[in-house]
Amino acid sequence: MEDFHKCIERLHNAKSDADKFAALLVLVKTLKTDGYDLDYIQQKDIFDAVGSSFLQRLLHPHHDIGGCPQEIFRSVALTVLAVLSGSPKSPAHDFICSNLDTFKEILQSKEEPNSFQDLIEKDILQCLVNVCSTEEGRNGIISKQFVDYLVNVAINYLMDHEKAMHILMTLSHYFKSDLWTREAASFSAVINFIASEFREETTSRKFELCNILTKLLTDNPRCSADVHADWSEIIQEGLFDLLNNQLGKAQCRDALKLACAMVERFGLLWMLNSNDETKAIRKEFCLLIHLVCIEVQMILKDRSVEEIVENIDMLSACYTILEATTTILCDESVWQIDSGAEQLLTPVNEAFRAVLSFLLKASKELDDWLGFSKHKQYLTLISVKALSVWLAEETFSLKEEACIVIPNLLKIGQCMFWEKKEEFLKGTCGQDSDVISFLTPALHHMSADDTTRKVPQNASQLLVEYLDFQWLLWRKDMNKASETCIITLCGIFKNLVILEAKMTSESMLFFSLLKFLLNTVLHIPRGFEHITLKANITVLGLLIARQHAHKIKSCEMSFCRFLAASVKFLWDCHQVEDSQDIPALVIMREYRKVWSDIMELWFLGMIALSSLLSHVPWVAPFLLESGWPQHIVLSLGKVSCNGVDASIKSAYQEFLCSLLRNCPDAKEQLLNCGGVLVSQIHELRELGTLLK
């Protein structure tokens, strides 16, 4: 330490640049020899003694000092800066940030490799490592475009490549996709390099690389990447190599977190052998799912909420894979040939049984939801989300447990929903999902089954209120999440109206719901972008209108406008179009993309409207005035018997016959359109009989 203070004194007493440079050489040698770890005060003392102006002259030498080559000046300056910038408070830190252009220039102007150039590059990397600990330093590294240089050093194993990788990982952590979107080629190069090393490594470093890959993928969720990218296949091989070995608890969790990051990017199909024509499940795929199911049970079984919260990151990763597994198991295109799904149903079912057990146990505390810590709230949310994905597809194996726990979860959902609604009214509500939005797919599934329908039936009041809230959110910015939720809620109410007809026909709640639907459909923008939403609202409205027909008056303009919107939806679905020069009644082009989503609704809407005609007398003249029935007959008259689908033909016949039975004026108008000939061409015997 005495030598250290003497060096500082010599720097202060230097009469010329040559004297100061000589003192600086001694200081550098002293620091390297004695290995001093300088604190902030010592770093500041040295920097003040050297002076920023002298460091500038060393970085931009215009003449020799003591006959030394210019590279030595820069090397000494950079060594000093590397030593003095360890603390973000050090003045050397700010000096480096303001001179990054100079650093970049030095790197770009380097000539043939030599010892001085190696030292210079090493010290520059250390300076970058030091300054990337602050926002100013990170922004400077990005803005001065050091990323390509760092990638080159990292993937080509150049000197101090570990430092280059450290800087890249730090930048990735802070800038995430904002960094890699601009540096897509660099991202591919880095992840390819790490993935290759990960696959080949056989030591404990394999797990370090596993964690690095997980961080890169997690930090960069938006970066586009092909499932068939080289690095995805390389990671798959390295991951399978890990899974096929006996792993400790921590090692197994590292592997599962990487698998989760890949599943979030590519889905579980990434793990299946796409070249296998039988689409047979791979052994490794089964192994992964089994490990995930075991991990979930280990985390949740006989643990307190506080203990589970400690493992929340791992549990969240497992839930991600389980949710994807549920989707895969229910995809017939994947499993139609192979029965591999069956061997996974049992472990997956047991994992979700553990989730249900946890939620059942935790439900004793759920009345105090607002008093929960953020971690406990998050734990409940992700558990409900994962469970709901499973229950939306597979209710029956866990039927009793589900019917017990969901009412408790709906109480939490109500609490969250009221809180969000209050925030919305204040203008501070975000679009974060909540418990009810997670549960709606499961409730939709349960509402279709006689033994589980009681749960959504008892929650009808809450779901109607929640529908109104989601409508407010959707009207604000027409976000997809709210639109999907509204569609699912309509599905729940549709099941209740059809399967619990007596209950819903006597319920004023459903009449209030009808009034809500009559007004909402008018606010859906014209066009086809939101046609699925419009289809759900109009068909649900028609179904409820049939049950509450005695309350509907012809003077109600809201119902007239709703009826007009319903007719437009049903009318616009089909048009006559030449197919190979033969006229055919086909789905309108704009509807084809979503026809699989709205086909059932169209047929249900036709049935509901046909039934409504006999209960609301003025609807039939209204329809005739619209011209739609006449248009149907004229359209059928333009096509041959084989030019229209039999099910569509049957739906049209039922509708036209109902119209004829309930409106005396309809017969003449349909006859004028060629109704008799149409009934003969298409063998519509009931229609022909009514027209005679």
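A quick note: this is a predicted structure, and the numbers were derived from the prediction, not measured.

(A) Fine view of the overall build of the chain. Check the secondary structure of the chain and you find 39 helices and two strands. Referenced to the eigenvectors of the C-alpha coordinate spread, the extents of the chain come out at roughly 120 × 60 × 55 Å. Of all 692 residues assigned to the chain, the portion counted as buried reaches 53%. A fraction of 72% describes how many contacts in the chain between residues 6 or more apart in sequence connect residues 24 or more apart. As presented, the chain carries roughly 32000 Å² of accessible surface, and 51% of it is formed by carbon and sulfur atoms. Both charge centroids of the chain, one from 67 positive and one from 90 negative side chains, sit 6 Å from each other.

(B) Here's a closer look at the layout of surface pockets. Of the pockets and cavities examined, the largest pocket occupies roughly 500 Å³. Ser437, Thr440, Pro441, Thr484 and Thr488 are, among the 25 residues lining the largest pocket, the residues nearest its centre. Broken down by secondary-structure element, the contributors of at least two residues to the lining of the largest pocket are helix H22 (374-391), helix H24 (435-446), helix H26 (460-477) and helix H27 (480-499). Looking at which element gives the most residues to the lining of the largest pocket, the answer is H24, with six residues.

(C) Examining the packing of aromatic side chains more closely. Enumeration according to the criterion identifies 21 aromatic pairs in this entry. Aromatic pair phenylalanine 417 and tyrosine 466: ring centres 5.4 Å apart, planes at 85 degrees, arrangement edge-to-face. Pair noted here: phenylalanine 417 is in helix H23 (residues 399-426) and tyrosine 466 is in helix H26, with a separation of 49 residues, a long-range link. On the basis of relative accessibility, which here comes to 1%, the residue phenylalanine 417 falls in the buried class. Since its relative accessible area comes to 0%, tyrosine 466 is described here as buried.

(D) Representation of unusual backbone geometry in the model. The phi dihedral of glutamine 145 is positive, around 60 degrees, even though this residue is not glycine. Within the secondary structure layout, glutamine 145 lies in the loop between helix H9 (135-143) and helix H10 (147-155). Take glutamine 145: its relative accessible area is 57%, and that puts it in the exposed class.

(E) Highlighting helix H15 (residues 230-243). The end-to-end C-alpha distance of H15 is 20 Å, a good match for the 20 Å that 14 residues give at a rise of 1.5 Å each. Within H15, 10 of the 14 residues are buried, which leaves it mostly tucked inside the rest of the structure. For H15, every residue scored as buried is listed here: Trp231, Ser232, Ile234, Ile235, Gln236, Gly238, Leu239, Phe240, Leu242 and Leu243.

(F) Just empty space enclosed by the protein, in detail. Counting across every chain of the model gives four cavities of 30 Å³ or more. Taken together, the residues of the lining of the largest cavity break down into five nonpolar, three polar and no charged.

(G) Just helix H33 (residues 595-612), in detail. With 18 residues, H33 should reach 26 Å at 1.5 Å per residue; the first-to-last C-alpha distance of 24 Å fits that figure. Those residues of H33 that fall on the buried side of the exposure criterion are Trp595, Ile598, Leu601, Trp602, Leu604, Gly605, Met606, Ala608, Leu609, Ser610 and Leu612.

(H) Structural context of the environment of arginine 57. In this structure, arginine 57 sits in helix H4 (residues 52-59). Along the chain, arginine 57 and alanine 77 lie 20 residues apart, while their C-alpha atoms are 9.2 Å from each other. Separated by 2.8 Å, the side chains of arginine 57 and aspartate 17 make a polar contact.

(I) Representation of the pattern of salt bridges in the model. All chains considered together, the criterion is met by 25 salt bridges. For glutamate 306, the salt bridge identified is with lysine 376, shortest N-O distance 3.8 Å. Of this pair, glutamate 306 sits in helix H18 (residues 305-309) while lysine 376 sits in helix H22, and the two are 70 residues apart along the sequence. Put simply, aspartate 468 and lysine 421 hold a salt bridge, and the shortest N to O gap is 3.8 Å. Here aspartate 468 is found in helix H26, whereas its partner lysine 421 is found in helix H23, with 47 residues between them in sequence. A residue is classified by how much of its surface remains accessible, and lysine 421, at 24% relative accessible area, is partly exposed. Salt bridges sharing common partners tie together Glu197, Arg205 and Glu208.

What counts as what
Residues numbered from 1 in each chain as written. Predicted model: local features only at pLDDT ≥ 70, side-chain atom pairs only at ≥ 80, totals over all residues. Heavy atoms only, no water. Helix = DSSP H or I, 4+ residues; strand = E, 2+ residues; numbered from the N terminus. Buried < 20%, exposed > 50% of the residue type's maximum accessible area, 1.4 Å probe, protein only. Contact = heavy atoms within 4.5 Å. Areas by Shrake-Rupley, 256 points an atom, 1.4 Å probe, with all protein chains shown as cover. Lys, Arg positive; Asp, Glu negative; His and termini not counted. Charge placed at Lys NZ, Arg CZ, Asp CG, Glu CD. 1 Å grid on protein atoms, 1.4 Å probe; cavity = no way out; pocket = protein on both sides within 12 Å on 5 of 7 lines; lining within 4 Å. Points joined across faces, edges and corners; volume = space filled by probe spheres on them. Phe/Tyr/Trp six-rings, centres within 6.5 Å; stacked < 30°, edge-to-face > 60°. Expected span 1.5 Å × (residues − 1). Nonpolar A, V, L, I, M, F, W, Y, C, P; charged D, E, K, R; others polar. Polar contact = N/O pair within 3.5 Å; in protein donor to acceptor, adjacent residues only side chain to side chain. Salt bridge = Lys/Arg side-chain N within 4 Å of Asp/Glu carboxyl O.

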